[in-house]
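Okay, here's what each chain looks like letter by letter:
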Amino acid sequence: MLQRIQTIWTFLAVLAAVFLFVTAQDVMVSDSIPVINVGCVILVLVGLLSVFSFKNRKRQILLNTISIIINALLIGVLVYWLLNLSGGISFPEKGIEPIFSLIAVICLFIANLYIKRDERLVKSVDRLR
């Protein structure tokens, strides 16, 4: 069921990954590998797979946990990039990129709470049968 509250939270995390992809086009951590872009694409794919695997709650929790780990790694990479970035007038919006990953981590954590609540509800109903 796509209208559940945990689906909305997971979809908000996917939107945060899309916003990170859009805003982090100027982030150059490595010269050869676009680390942030690859991470964002993986986050969107894993998030959408989690949204559409609503019948398997354990897989949904696993996919959300993987997304939380990837977002934590992206926060670390972005903070490293920000610490090595020179500030000044030419780059005044320094520091907006890690916010999106932090929002995604919070949304995925809340989604996992609701998924676990559904799992407990289903187990309690099975006990009554």
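Sequence order sets the numbering: in each chain, residues are counted from 1 along the sequence as written. Confidence filtering applies because this is a predicted model: local features only for residues at pLDDT of at least 70, side-chain atom pairs given and counted only at 80 or more, and all residues used for totals across whole chains, interfaces and linings. Hydrogen atoms and water are omitted, and side-chain values are computed over all heavy atoms in the structure.

1. A look at the side chain of Ser 101
Position of Ser 101 among the secondary structure elements: in helix H4 (residues 97–128). Contact definition: two residues touch when any of their heavy atoms are within 4.5 Å. The contact partners of Ser 101, leaving out residues within four places of it in the chain, are Leu 20, Asn 71, Leu 74, Ile 75 and Leu 78. In this description a helix means any DSSP run of H or I spanning at least four residues, a strand means any run of E spanning at least two, and both kinds are numbered starting from the N terminus.

2. Brief notes about helix H1 (residues 5–23)
Between the first and last residue of a helix there are one fewer steps than residues, each counted as 1.5 Å, and that sum is the expected span. Here H1 contains 19 residues, and its C-alpha end-to-end distance of 27 Å stays within 8% of the 27 Å for a straight helix at 1.5 Å per residue. For H1, the full list of buried residues reads Gln 6, Thr 7, Thr 10, Ala 13, Val 14, Ala 16, Ala 17 and Leu 20. Exposed residues in this analysis have more than 50% of their type's maximum accessible area, buried residues have under 20%, and partly exposed residues fall in between, with area computed by a 1.4 Å probe over protein chains only.

3. Points about the pattern of salt bridges
When a carboxyl oxygen of Asp or Glu lies within 4 Å of a side-chain nitrogen of Lys or Arg, that pair is called a salt bridge. In the structure shown here, the tally under the stated rule is two salt bridges. In this structure, the salt-bridge partner of Asp 118 is Arg 4, at a minimum N-O distance of 3.5 Å. Taken as a pair, Asp 118 in helix H4 and Arg 4 in the segment before H1 lie far apart in primary sequence, 114 residues in all. Judged by relative accessible area, Asp 118 falls into the partly exposed class, the value being 21%. Close ionic contact of Arg 57 with Glu 119 constitutes a salt bridge, the shortest N to O distance being 2.7 Å.

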